[in-house]
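# Report on the structure
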Amino acid sequence: MRGLVFICGMLLGLASQAQTVGNVDVSLTMPSVALVDILPSAANGVTLQMTAPTEAGNTVGTGTSNQSNWLIFTSAVATGASRSIKGDIVGTLPAGIRLRLDVAAYVGTGQGFTGGNSYVTANKYLTNVPVSFIDNIKGAYTGITYGSSGFKLTYSLEIQNYANIRSGTSNVTVRYTMVDN
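A few points on the structure.

Another point: the pattern of salt bridges. For the structure on display, the rule yields five salt bridges. Note that D88 and R175 form a salt bridge whose closest N and O atoms lie 2.6 Å from each other. Pair noted here: D88 is in strand β3 (residues 83-90) and R175 is in strand β10 (residues 173-180), with a separation of 87 residues, a long-range link. The class for D88 is buried, based on a relative accessible area of 3%. In this structure, D102 engages R100 in a salt bridge whose closest nitrogen and oxygen atoms are separated by 2.6 Å. In the salt-bridge network here, residues are joined through shared partners; they are R98, R100, D102 and E158.

One simple way to see leftover space: roll a probe sized like a water molecule over the atoms. Estimates place the volume of the largest pocket at around 930 Å³. V46, L48, L157, S170 and V172 are, among the 29 residues lining the largest pocket, the residues nearest its centre. In terms of residue count, β10 provides more of the lining of the largest pocket than any other element does, three residues in total. Looking at the lining of the largest pocket, its residues break down into 16 nonpolar, 12 polar and one charged.

Looking now at the sheet that holds β10. The strands making up a sheet associate through hydrogen bonds between their backbones, and the pairing can be parallel or antiparallel. Taken in spatial order, the four strands make up an open sheet running β5-β7-β3-β10, and their pairing is antiparallel. Two strands in the sheet have a free side with no partner beyond their single neighbour: β5 (119-120) and β10. Direction of pairing for β5 relative to strand β7 (residues 131-137): antiparallel, over a ladder of two bridges. Among the inter-strand pairings, Y119 is bridged to a residue of β7, identified as D135.

Moving on, we get to unusual backbone geometry. Note: most peptide bonds trans; most residues except glycine with negative phi. Of note in this structure, N136 is not a glycine but carries a positive phi near 60°. Turning to its location among the elements, N136 is positioned in strand β7.

Think of a pair of aromatic rings as described by two things: how far the centres are apart, and how the planes are tilted against each other in angle. Under the defined criterion, the tally for this structure stands at four aromatic pairs. Each ring, one from F73 and one from F151, has its centre 5.9 Å from the other, and the planes form 10°; the classification is stacked. Of this pair, F73 sits in strand β2 (residues 66-76) while F151 is found in strand β9 (residues 151-159), placing the two residues 78 residues apart along the sequence. This pair shows no difference in class: F73 is buried, exactly as F151 is. Between F133 and Y176 the ring centres are 5.8 Å apart and the planes differ by 80°, which places this aromatic pair in the edge-to-face class. Separated by 43 residues along the polypeptide, F133 in strand β7 and Y176 in strand β10 bring together distant segments of the chain. Across this residue pair, the class does not change: F133 and Y176 are buried. Site record: aromatic cluster; members linked through ring pairs are F73, Y106 and F151. Taking the ring centre of Y125 as reference, the NZ or CZ of R98 above it sits at 3.7 Å.

Conventions we followed
- Residues numbered from 1 in each chain as written.
- Predicted model: local features only at pLDDT ≥ 70, side-chain atom pairs only at ≥ 80, totals over all residues.
- Heavy atoms only, no water.
- Salt bridge = Lys/Arg side-chain N within 4 Å of Asp/Glu carboxyl O.
- Helix = DSSP H or I, 4+ residues; strand = E, 2+ residues; numbered from the N terminus.
- Buried < 20%, exposed > 50% of the residue type's maximum accessible area, 1.4 Å probe, protein only.
- 1 Å grid on protein atoms, 1.4 Å probe; cavity = no way out; pocket = protein on both sides within 12 Å on 5 of 7 lines; lining within 4 Å.
- Points joined across faces, edges and corners; volume = space filled by probe spheres on them.
- Nonpolar A, V, L, I, M, F, W, Y, C, P; charged D, E, K, R; others polar.
- Pairing = 2+ DSSP bridges.
- Phe/Tyr/Trp six-rings, centres within 6.5 Å; stacked < 30°, edge-to-face > 60°.
- Lys NZ or Arg CZ within 6 Å of the ring centre and 35° of its normal.

Listed below in structure tokens is the structure:
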């Protein structure tokens with residue numbers, strides 16, 4: 001019995017001697033990312049045209065809307081932070097006319113848009129003052145496939161004040177900015 005205890009003790013001693021532990025310190029860095037882009041169907045421009053009535057006494061038509069652009073983005077924020085996407089106009093709209101931006105709900109296979117995360121706040125009228133239309137963006141990406149990734153944008157014109165409208169052509173730029181909240 002004494003020999004068996006000695007052999008078991010020796011085997012346990014060897015087993016404990018055979019284990020070693022190695023450690024490696026790993027440093028992880030995740031950069032802050034805030035990228036926003038527009039996917040156009042062909043050209044990057046959008047043309048909206050008012051239509052003249054064919055009968056006296058009828059209203060000037062606001063023409064058709066344009067749904068050829070998709071907004072895409074990638075975001076990585078600090079813990080507890082979030083971002084918004086804002087839009088504004090660079091230039092001057094014709095007097096009496098408003099530019100409406102309708103933003104469809106997210107579609108695609110990106111991640112970060114479920115569970116009440118990023119959401120479209122409302123459709124907006126664009127002016128020279130930036131307005132937020134997608135809020136609570138944290139870590140997310142939309143994907144990059146035109147027509148099936150991101151947020152479909154619809155531009156349309158509305159007459160705000162008939163007394164101020166004038167004929168002519170105007171060009172403005174719609175600017176999209178991802179901002180920290």
